[in-house]
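What follows is each chain in one-letter form.
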Amino acid sequence: KEFNFMHLSAGDLLRAERDREGAQANMINNFMKEGKIVPASVTVNLIKQAMEKAGWADRKYLVDGFPRNAENYEAFFSAMTGHCNVKRAIHFTCSEAILTERILERAKTSGRVDDNEETLKLRFATYRN
């Protein structure tokens with residue numbers, strides 16, 4: 001079966017918004033550096049804008065890296081009701097050791113402010129709580 005969908009990365013959308021500079025960009029950057037989850041309203045708005053820009057009709061989306069918690073989940077459905085239907089969700093489980101190894105390898109070329117061991121420890125603690 002052929003899959004025809006548009007890939008949207010929540011992290012990429014947040015980094016693109018951060019790179020635009022300004023108050024929201026600074027807030028996003030600080031949350032990322034501290035390993036915290038960016039407020040759901042910000043992330044959902046960026047996802048919604050990307051979907052609108054791509055055209056709602058006849059599109060399927062794979063939203064990568066979202067939702068990260070219950071607040072994200074609830075904010076998405078609140079903002080998207082009537083606009084889109086969620087057909088599936090995929091959740092992968094992986095050890096922190098393997099995630100750390102993969103992200104630190106990515107850090108060699110990514111230039112991402114949050115691709116470092118200190119931020120990863122904060123991010124893992126955020127997800128465990």
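The structure this text deals with has already been given above.
About the criteria used
- Residues numbered from 1 in each chain as written.
- Predicted model: local features only at pLDDT ≥ 70, side-chain atom pairs only at ≥ 80, totals over all residues.
- Heavy atoms only, no water.
- Axes fitted to C-alpha atoms, helices over the stretch in contact; angles between N-to-C directions.
- Helix = DSSP H or I, 4+ residues; strand = E, 2+ residues; numbered from the N terminus.
- Parallel < 35°, antiparallel > 145°, perpendicular 65-115°, else oblique.
- Left-handed = near helix turned anticlockwise from the far one by under 90°.
- Contact = heavy atoms within 4.5 Å.
- Nonpolar A, V, L, I, M, F, W, Y, C, P; charged D, E, K, R; others polar.
- Buried < 20%, exposed > 50% of the residue type's maximum accessible area, 1.4 Å probe, protein only.
- Arc of directions from axis to C-beta.
- 1 Å grid on protein atoms, 1.4 Å probe; cavity = no way out; pocket = protein on both sides within 12 Å on 5 of 7 lines; lining within 4 Å.
- Points joined across faces, edges and corners; volume = space filled by probe spheres on them.
- Core = buried A, V, L, I, M, F, W, Y, C linked by side-chain atoms within 4.5 Å.

K.L.:
An account of the packing of helix α1 (residues 10–19) against helix α2 (residues 23–33) is needed here, citing residue identities and associated values.
P.N.:
Remark: α1 packs on α2, axes separated minimally by 8 Å, with the N-to-C direction vectors making an angle of 130 degrees. What the angle tells us is that α1 and α2 run oblique. With respect to the hand of their crossing, α1 and α2 are arranged in left-handed fashion. Between α1, through G11, L14, R15, E17 and R18, and α2, the contact on the second element is made entirely by Q24, A25, I28, N29 and M32. Each residue belonging to the contact of α1 with α2 can be placed in one class, and the counts come to 4 nonpolar, 3 polar and 3 charged.

K.L.:
Describe α1, listing the residues and the values that go with them.
P.N.:
Among the residues of α1, A10, G11, L14, R15, E17 and R18 are the ones counted as buried. Within α1, the buried residues cover an arc of 160 degrees as seen down the axis, which keeps them to one side. On its buried face, α1 is in contact with β1 (6–9), α2, α3 (40–54) and β2 (61–64). Immediately downstream of α1, the backbone of E21 shows phi near 70 degrees, a positive value.

K.L.:
Tell me about the layout of surface pockets, residues and numbers included.
P.N.:
Of the voids in this model, the second largest pocket is the one considered here, and its volume is about 200 Å³. Looking at the second largest pocket, the residues that line it are M6, L13, A16, E17, R20, L46, Q49, A50 and K53. Breaking the lining of the second largest pocket down by element, the ones donating at least two residues are α1 and α3. The element best represented in the lining of the second largest pocket is α3, accounting for 4 residues.

K.L.:
Describe the packing of α1 against α3, with residues and values.
P.N.:
Two elements in contact, α1 and α3, have axes separated by 10 Å at closest approach and are oriented at 95 degrees. Accordingly, the angle class assigned to the pair α1 and α3 is roughly perpendicular. The residues of α3 that touch α1, namely those facing A10, L13, L14 and E17, are V42, T43, L46, I47 and A50.

K.L.:
Tell me about the nonpolar core, and name the residues and values.
P.N.:
Core analysis: the largest hydrophobic core is formed by 9 residues, namely L8, A10, V44, I47, A50, M51, F66, F76 and M80. Elements supplying a minimum of two residues to this core: α3 and α4 (70–80). Counting residues per element, this core draws most heavily on α3, at 4 residues. Leave out the neighbours within four places in its chain, and A10 touches T43, D64, G65 and F66. Grouped together as the second largest cluster of nonpolar side chains are 6 residues, L14, I28, M32 and V38 included.

This is a description of form; function is not addressed.
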